[in-house]
Amino acid sequence: MSNRTFTMIKPDAVKAGNIGNILQMINAAGFRIAAMKYLSISKTQAEKFYEVHAERPFYGELTEFMSSGPIVAAILEKENAVADFRKLIGATNPANAEEGTIRKAYAKSMGENAVHGSDSDENAAIEGSFFFSGLEQF
Ligand code: GDP
């Protein structure tokens with residue numbers, strides 16, 4: 001079990017003005033911010049990040065959306081980070097997300113669902129190093 005996960009506040013939540021609200025929920029849940037940046041990624045970079053989903057029917061839509069505006073990328077630290085953060089963000093489809101989760105509060109749809117959270121320790125490490133060098137992690 002690792003103590004770090006990777007997250008992005010997606011373009012829909014940034015556009016809606018929810019960066020502060022979402023960071024507040026993340027901090028209140030006991031995560032420490034180990035790295036953070038506000039940036040936008042190109043379609044090509046989004047395709048690389050989501051390579052594992054290349055065969056899925058929504059790959060084009062997903063990578064178009066993720067490159068449509070600025071995002072906040074961050075590495076979060078807490079005991080049992082990956083599983084606890086998945087709990088905090090809620091189900092992929094906000095219609096199924098539990099009360100008290102970030103997606104219940106701020107996601108618009110299955111595609112525009114406010115936040116990303118790594119699904120394994122291995123992916124958390126891969127995704128974190130996609131955005132941050134060792135010098136940018138604290
Ligand atoms: P997650 O781990 O809960 O983020 O969900 P997945 O790994 O299954 O999917 C990755 C991301 O792809 C999701 O967070 C959504 O933004 C997007 N996605 C998943 N399913 C769909 C879909 O049916 N349509 C669209 N447009 N996007 C989807």
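Structure: see above.
These numbers were taken from a predicted model, which means no experiment stands behind them.

Basis of the calculations
Residues numbered from 1 in each chain as written. Predicted model: local features only at pLDDT ≥ 70, side-chain atom pairs only at ≥ 80, totals over all residues. Heavy atoms only, no water. Pairing = 2+ DSSP bridges. Helix = DSSP H or I, 4+ residues; strand = E, 2+ residues; numbered from the N terminus. Axes fitted to C-alpha atoms, helices over the stretch in contact; angles between N-to-C directions. Phe/Tyr/Trp six-rings, centres within 6.5 Å; stacked < 30°, edge-to-face > 60°. Buried < 20%, exposed > 50% of the residue type's maximum accessible area, 1.4 Å probe, protein only. Salt bridge = Lys/Arg side-chain N within 4 Å of Asp/Glu carboxyl O. Near = heavy atom within 4 Å. Polar contact = N/O pair within 3.5 Å; in protein donor to acceptor, adjacent residues only side chain to side chain. Areas by Shrake-Rupley, 256 points an atom, 1.4 Å probe, with all protein chains shown as cover. Nonpolar A, V, L, I, M, F, W, Y, C, P; charged D, E, K, R; others polar.

**Q** Which parts of the structure should I look at to understand the sheet that holds strand 3 (residues 71–77)?
**A** Strands belonging to one sheet form pairs held by backbone hydrogen bonds; the direction of such a pair is parallel or antiparallel. Read from one edge to the other, the open sheet built from four strands follows the order 2-3-1-4, with strand pairing classed as antiparallel. At either end of the open sheet lies a strand with only one pairing partner, and these are strand 2 (32–39) and strand 4 (115–117). Strand-to-strand, the axes of this sheet are offset by a mean angle of 15°, without reference to chain direction. In this sheet, strand 4 lies alongside strand 1 (residues 4–9) in antiparallel orientation, the contact comprising three bridges. Bridge pairing in strand 4 links Thr-7 to Gly-117.

**Q** Honestly, the packing of aromatic side chains in this entry has me stumped. Any pointers?
**A** Aromatic rings in a pair are described by how distant their centres are and how their planes are angled relative to each other. The full count for this structure, using the stated rule, is seven aromatic pairs. Plain terms: the ring middles of Phe-49 and Phe-130 are 5.4 Å apart, the flat faces sit at 75° to each other, and that makes the pair edge-to-face. Residue Phe-49 is found in helix 3 (residues 43–49), and its partner Phe-130 is found in helix 7 (residues 121–131); the two are separated by 81 residues along the sequence. Taking relative accessible area as the criterion, Phe-130 reaches 34% and is therefore assigned partly exposed. Where Phe-49 meets Phe-131, the ring centres are 5.8 Å apart and the plane angle is 65°; that geometry is what we call edge-to-face. Within this pair, whereas Phe-49 is found in helix 3, its partner Phe-131 is found in helix 7, the two being separated by 82 residues in sequence.

**Q** What's the story with the pattern of salt bridges in this structure? I'm lost.
**A** Per the counting criterion, the structure on display carries seven salt bridges. With its nearest N and O atoms 3.0 Å apart, the salt bridge here joins Glu-77 to Arg-32. With Glu-77 in strand 3 and Arg-32 in strand 2, this residue pair connects regions lying 45 residues apart in the sequence. With relative accessibility at 19%, the residue Glu-77 sits in the buried group. Since its relative accessible area comes to 37%, Arg-32 is described here as partly exposed. Its salt-bridge partner being Lys-48, residue Glu-51 comes within 3.5 Å of it at the nearest N-O pair. Owing to a relative accessible area of 47%, Glu-51 belongs among the partly exposed residues under this scheme.

**Q** What is the right way to read the site of the ligand from this model?
**A** The full set of residues close to the ligand is Lys-10, His-53, Arg-56, Phe-58, Glu-61, Leu-62, Arg-86, Thr-92, Arg-103, Met-110, Gly-111 and Asn-113. Side-chain polar atom of His-53 to an oxygen atom of the ligand: 3.3 Å apart, as the coordinates give it. Between an oxygen atom of the ligand and a side-chain N or O atom of Thr-92, the distance comes to 2.6 Å. Alone, the ligand offers 550 Å² of accessible surface; in the complex the protein occludes 81% of this. Of the residues belonging to the shell around the ligand, the class tally is three nonpolar, four polar and five charged.

Fair warning: the whole summary comes from geometry, so function is off the table for now.
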